[in-house]
Amino acid sequence: MADASPPRPSPDGPEAPRQVAGAALVSLRDVQKHFGDLHVLRDIDLTVDHGEVLVVIGPSGSGKSTLCRAINRLETIDSGTIEVDGEPLPEEGRALARLRSDVGMVFQSFNLFAHKTVLDNVTLGPIKVRGLSRSAARAEAMGLLERVGVANQAGKLPAQLSGGQQQRVAIARALAMHPKVMLFDEPTSALDPEMINEVLDVMVQLAKEGMTMIVVTHEMGFARRAADRVVFMADGQIVEEASPEEFFTNPRSDRAKDFLSKILTH
Amino acid sequence: MSDFLSQFGELFASYDVLGAFWVNIQLTFWAGLIALVVGCVLALFRISPVPSLAWVGTAYVTVFRNTPLTIIMVFMTLGVWGQLKIQVSDDFPTNFFWLAVIGLAIYHAAFVCESIRSGVNTVPLGQAEAARAIGLSFLPAARMVILPQAFRGAIAPLGNTLIALIKNSTVAAAAGVATETSTLLKNMIEFNSSLIYAIFLTFAVGYVILVIPVGLLTTTLSRRLAVRR
Ligand SMILES: Nc1ncnc2c1ncn2[C@@H]1O[C@H](COP(=O)(O)OP(=O)(O)OP(=O)(O)O)[C@@H](O)[C@H]1O
Ligand SMILES: [Mg+2]
């Protein structure tokens, strides 16, 4: 049942970035967020350009997930502004739903729709949100499932798949919406070690094809292979920003040095 | 023994026992259908992000779950029909039948709502987040992702509500439905008090026969349809 064949690149990859590389696609300015007394996001200033791959790294509880979730407003913020493609995040409602459909999200726990087949998981958004015909949505979904290497599982329910397969389906589900940017919140930390690479390979491929990505992960291999920039967070703050090479070989802050020494000893 | 059996023969010959049970089945069917629709809407209200709708849902459930059914049924005749002069049909029995259906539906909708809500609680939060993340707004997300899973988790409590409704349909007598089982029971006791054991056994067995399949069916369904995670 396990299908570990590497994802094949497909001729119809994601669309090329719609605007010139180098223009800000996601920008956060002076973002603040509290959970009760806990200041989870402090003075967050961050921009992600078209086609850029940003890796967010940091100790548990530093606010990485909250940052990720704030970008498609699964989490509201107290103050500051978040813009996606030049548009500030709207209030809850139709406009927000439209914005979310342009921002792909991949969760740590996959969150595939448990009562729907793999294929229906991927076609739901295109049919109900984008208004595609069933046949067009299916054809495209099959192409995407092919691309992430799980086309032969299309008729199964999520619970019948391995974690690695489920996460690749989740990536296909997000891609089916033709997102402008993809958010990944620790996409491989719920996976058994032997499945991590099949998911990371798909992500590296996406990065190569020019997808704009914000990836919370502790996988240094991925950061080195695919990231343009690494952001290190601690206590809700961005402590350090650097290229992957620079960050991993020559971290400047003590927090980052301490953190890296801990994850490197594993 | 044969003497005891002949008592049943006497009862079934002089009274329309099956007809009375049929009235309760019809009451249950219509009240159940309406309660299911209203209960679903209430459950949507209760889980909706709009505070005023959520408040309406909560208020409805609190009021009707805590009011004795008999009082609601008496109100349907004395209040709705007697005072407010609201009439569903010109035909007296038909009118009282539908007033009873509405009374039963109003009461059991509160329980349907709570059953569905307990089903919603079996659906992990991540399902709703994934639905929102692909751009579904509240209603489509509820209809296509949350409720289908919630129903499967709510089959057992919904079955319990249906069983309660079958038995509670006898309270329709309080709303002036004169042809259903509890009225028949009363008449039998009044005119054939010597057959008291046969009378009670008739109705007890009758309801057991109605209720047991519902219990078996919901157990099987909830097992077969359970969402695998
Ligand atoms: N809904 C919530 N209510 C209250 N506190 C929360 C909530 N969600 C997160 N927190 C707290 O906010 C802090 C930051 O959480 P967050 O999930 O963003 O951290 P993280 O960097 O993603 O950590 P991890 O590596 O463990 O996933 C944590 O201390 C967490 O306990
Ligand atoms: Mg996290």
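Residues numbered from 1 in each chain as written. Chains lettered and ligands numbered in written order. Predicted model: local features only at pLDDT ≥ 70, side-chain atom pairs only at ≥ 80, totals over all residues. Heavy atoms only, no water.

### A closer look at the overall build of chain B
Next up, step 1: A count of helices and strands for chain B gives 9 helices and 0 strands.
Next up, step 2: Listing every helix and strand of chain B by position from the N terminus yields α-α-α-α-α-α-α-α-α.
Next up, step 3: Counting only residues that meet the buried cut, chain B has 43% of its 229 residues in that class.
Next up, step 4: A sequence separation of at least 24 residues applies to 77% of the contacts in chain B between residues at least 6 apart.
Next up, step 5: Counting every atom, chain B has about 11700 Å² of accessible surface; 70% of that belongs to carbon and sulfur. (Helix = DSSP H or I, 4+ residues; strand = E, 2+ residues; numbered from the N terminus. Buried < 20%, exposed > 50% of the residue type's maximum accessible area, 1.4 Å probe, protein only. Contact = heavy atoms within 4.5 Å. Areas by Shrake-Rupley, 256 points an atom, 1.4 Å probe, with all protein chains shown as cover.)

### A word on a nonpolar patch on the surface
Residue and element names in this part refer to chain B.
Next up, step 1: Taken together, the side chains of F29, W30, L33, I34 and V38 make up a nonpolar region of the molecular surface, amounting to roughly 420 Å² of accessible area.
Next up, step 2: Note on placement: L33 falls in helix 2 (residues 17-47).
Next up, step 3: Relative accessible area serves as the criterion here: at 42%, L33 is assigned to the partly exposed category. (Patch = residues over 30% accessible without salt bridge, like charges linked within 9 Å, V, L, I, M, F, W, Y side chains within 5 Å. Salt bridge = Lys/Arg side-chain N within 4 Å of Asp/Glu carboxyl O.)

### Concerning empty space enclosed by the protein
Next up, step 1: Tallied over the entire structure, the rule returns 2 cavities of 30 Å³ or more.
Next up, step 2: In this structure, the largest cavity spans a volume of roughly 80 Å³.
Next up, step 3: Lining the largest cavity are 13 residues, and of these G104(A), M105(A), A174(A), A133(B) and I134(B) lie nearest its centre.
Next up, step 4: Contributions of two or more residues to the lining of the largest cavity are made by helix 2 (94-101), strand 6 (103-106) and helix 5 (163-175) of chain A together with helix 6 (125-133) of chain B.
Next up, step 5: For the lining of the largest cavity, the leading source of residues is strand 6 of chain A, giving 3 residues.
Next up, step 6: Residue classes in the lining of the largest cavity are distributed as 9 nonpolar, 2 polar and 2 charged. (1 Å grid on protein atoms, 1.4 Å probe; cavity = no way out; pocket = protein on both sides within 12 Å on 5 of 7 lines; lining within 4 Å. Points joined across faces, edges and corners; volume = space filled by probe spheres on them. Nonpolar A, V, L, I, M, F, W, Y, C, P; charged D, E, K, R; others polar.)

### Description of the pairing of strand 3 (residues 53-57) of chain A
Remember that side chains alternate between the two faces of the sheet whenever the strand is regular.
Residue and element names in this part refer to chain A.
Next up, step 1: Burial analysis of strand 3 places 5 of its 5 residues in the buried class, which makes it a mostly covered element.
Next up, step 2: Inspection of the sheet shows strand 3 paired to strand 8 (residues 212-216) by 4 bridges, in the parallel sense. Directly across from V56, in strand 8, lies its bridge partner V216.
Next up, step 3: Of the strand pairs in this sheet, strand 3 and strand 9 (residues 229-234) are connected by 4 bridges, and their pairing is parallel. Paired with V55 across the bridge in strand 9 is V230. (Pairing = 2+ DSSP bridges.)

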